[in-house]
Amino acid sequence: MIRRATDDDWPAIVAVHRRAFGDEDVPRLVRELRASDVYEPDLSFVAVTGGLVVGHVMNTWSGLEGSAARLLQLSPLGVLPERQRQGFGSALVRESLAAVRARGEPLLLVEGNPAFYGRFGFARADELGLLPPPEARYDWAFQVAVLDERADLPQGRVIYSQPFQH
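Quantities reported herein were computed from a predicted structural model and do not represent experimental measurements. (Residues numbered from 1 in each chain as written. Predicted model: local features only at pLDDT ≥ 70, side-chain atom pairs only at ≥ 80, totals over all residues. Heavy atoms only, no water.)

Student: With reference to specific residues and values, describe unusual backbone geometry.
Tutor: Between S75 and the following residue, P76, the backbone shows a cis peptide bond with an omega angle of -5°. Turning to its location among the elements, P76 is positioned in strand β4 (residues 70-79). Non-glycine residue R85 carries a positive phi angle of around 65°. Assignment of secondary structure puts R85 in the loop between β4 and α3 (88-102). (Helix = DSSP H or I, 4+ residues; strand = E, 2+ residues; numbered from the N terminus.)

Spelled out as structure tokens, the structure:
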């Protein structure tokens, strides 16, 4: 089951990211994003099975260099190691795409494995005129899903929100 995250889920959410990534960087990021003005509570989702939170994704705002435009970004996405490859991550991505599309947003950004995200319609962002932020690890991993083919897509360098910049 995929549902919107609640305040009561946050200890489990942090634990999911700690176990999924094996360090404190992503749990720190999750906590800082939640405490920031880029956080969208309606776009934070958990995967639950047997009453346990086994996965989490959040979608937060990024900027565009030299512009007031705000763009939604899917990140981070984490699933407990023993629950990976069971469809929870895919379900969280699909829920994110549907929710962002329902809000009328023209696109959703992600930095991640193209083999995984490509299945959901993500493509290299730079090929569509959205350049990766300086903090992006790999240009080829910075991707965008176009949610409204009729929209004029913004162009330029994406700027990560402050929590992503350390």
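The rest of the description comes next.
Student: Could you give me a rundown of the packing of aromatic side chains, with the residues and numbers involved?
Tutor: On inspection of all chains with the given rule, the structure shows seven aromatic pairs. With a centroid separation of 6.1 Å and an interplanar angle of 75°, the aromatic rings of W10 and Y39 are classed as edge-to-face. With a gap of 29 residues between them, W10 in helix α1 (residues 10-21) and Y39 in strand β2 (residues 39-49) connect regions that are remote in the sequence. Taking 4.8 Å as the distance between ring centres and 85° as the angle between the ring planes, the aromatic pair formed by F116 and Y117 counts as edge-to-face. Relative accessible area serves as the criterion here: at 22%, F116 is assigned to the partly exposed category. (Phe/Tyr/Trp six-rings, centres within 6.5 Å; stacked < 30°, edge-to-face > 60°. Buried < 20%, exposed > 50% of the residue type's maximum accessible area, 1.4 Å probe, protein only.)

Student: I'd love a proper account of the environment of G66, names of residues and values included.
Tutor: Positionally, G66 belongs in the loop between β3 (52-64) and β4. Since its relative accessible area comes to 87%, G66 is described here as exposed. Sequence separation between G66 and R157 is 91 residues, and the spatial gap between their C-alpha atoms is 8.7 Å.

Student: Pulling in residues and values, what's your account of the pairing of strand β8 (residues 142-146)?
Tutor: With four of its five residues buried, β8 lies for the most part within the structure. Summarising the sheet, strand β5 (residues 107-111) and β8 pair through five bridges and their orientation is antiparallel. Directly across from L107, in β8, lies its bridge partner V146. The pairing of strand β6 (residues 123-124) with β8 spans two bridges and is classified as antiparallel. (Pairing = 2+ DSSP bridges.)

Read these as layout, nothing more, since geometry by itself doesn't imply function.
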